[in-house]
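# Fold and contact review
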Amino acid sequence: MNKATLTRIGGLAAAIALTATMTACSGGQSVADACKIANGEMNKATSSISSDVNSAMQQATQGDKVDFAAIFAPVQKGLEEAGKKVTNESVKAPLTAFATEFDGFVKVFDGFEMPDLKNLDATDPAAMDKLKAAQDKAQEISTKAQAASAKLTEQGKKLQDICNKG
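Described in the following lines is the structure provided in the data block. Just so you know, these numbers come straight off a predicted model, no measurement behind them.

## Regarding the pattern of salt bridges
Scanning the entire structure with this criterion turns up ten salt bridges. For glutamate 140, the salt bridge identified is with lysine 144, shortest N-O distance 2.9 Å. Of the two residues, glutamate 140 and lysine 144 both sit in helix H6 (residues 125-165), four residues apart, roughly one turn of that helix. Residue classification places lysine 144 among the partly exposed positions, given a relative accessible area of 43%. We note a salt bridge from aspartate 161 to lysine 157, for which the minimum N-O separation is 3.3 Å. Residue aspartate 161 and its partner lysine 157 are located together in helix H6, separated by four residues, close to a single helical turn. Each member of the salt-bridge network shares a partner with another, and the members are Lys77, Glu80, Glu81 and Lys84.

Spelled out as structure tokens, the structure:
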């Protein structure tokens, strides 16, 4: 898998996390309170996402196995926690929609496994087939991640609009 594809996947992942951080508002009973709660939970959940993505990308390029979907588990947990604490329906509905789209984004990475690039034998046809399959899967993930990113951005904007009006 070439570094450009890995970088693109990492960049998309970081953009999604950033979108989640920027668009999740804060919260409680009022819209403002509900947005404040959501924002606080998301800030906690995304505090290490950039370094986690960078670390995973480095591990993957060094041949280590990386569970790409697990990188986003803290964000999913943060969205879950925010959903439990936010009771204002005006905020809860778009927050839930955003969380659902984020779960779909994470599922894009399920089962993706990088071949061991450090120990790759370029003369072994089976190894090269495995590398080609991984490159194809990475391209598929990139395409699906871009589509998921667009949906996340749309849901995030709805949430942000409510919080900005509240």
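Moving on from the coordinates now.
## Notes on the packing of helix H5 (residues 89-107) against H6
The interhelical angle for the contact between H5 and H6, taken along N-to-C directions, is 165°, at an axis separation of 9 Å. Our classification of the angle between H5 and H6 gives roughly antiparallel. Along this stretch, H5 crosses H6, giving a crossing that reads as left-handed. From H5, Ser90, Val91, Pro94, Leu95, Ala97, Phe98, Glu101, Phe102 and Phe105 reach across to H6, where they touch Ala145, Ala148, Lys151, Leu152, Gln155, Gly156, Lys158, Leu159 and Ile162. Looking at the contact of H5 with H6, its residues break down into twelve nonpolar, three polar and three charged.

## Describing H5
The terminal C-alpha atoms of H5 lie 27 Å apart, and with 19 residues this matches the ideal 27 Å at 1.5 Å per residue to within 8%. Considered for burial, the residues of H5 that qualify are Val91, Pro94, Leu95, Phe98, Ala99, Phe102, Phe105 and Val106. Seen from one end, H5 has its buried residues packed into an arc of 145°, which puts them on one side. Projecting away from the buried face of H5 at angles above 90 degrees are the exposed residues Glu89, Thr100 and Lys107. A distance of 2.9 Å separates the backbone nitrogen of serine 90 from a side-chain oxygen at the start of H5, and that oxygen is part of asparagine 88.

Quick notes on the rules
Residues numbered from 1 in each chain as written. Predicted model: local features only at pLDDT ≥ 70, side-chain atom pairs only at ≥ 80, totals over all residues. Heavy atoms only, no water. Salt bridge = Lys/Arg side-chain N within 4 Å of Asp/Glu carboxyl O. Helix = DSSP H or I, 4+ residues; strand = E, 2+ residues; numbered from the N terminus. Buried < 20%, exposed > 50% of the residue type's maximum accessible area, 1.4 Å probe, protein only. Axes fitted to C-alpha atoms, helices over the stretch in contact; angles between N-to-C directions. Parallel < 35°, antiparallel > 145°, perpendicular 65-115°, else oblique. Left-handed = near helix turned anticlockwise from the far one by under 90°. Contact = heavy atoms within 4.5 Å. Nonpolar A, V, L, I, M, F, W, Y, C, P; charged D, E, K, R; others polar. Expected span 1.5 Å × (residues − 1). Arc of directions from axis to C-beta. Polar contact = N/O pair within 3.5 Å; in protein donor to acceptor, adjacent residues only side chain to side chain.

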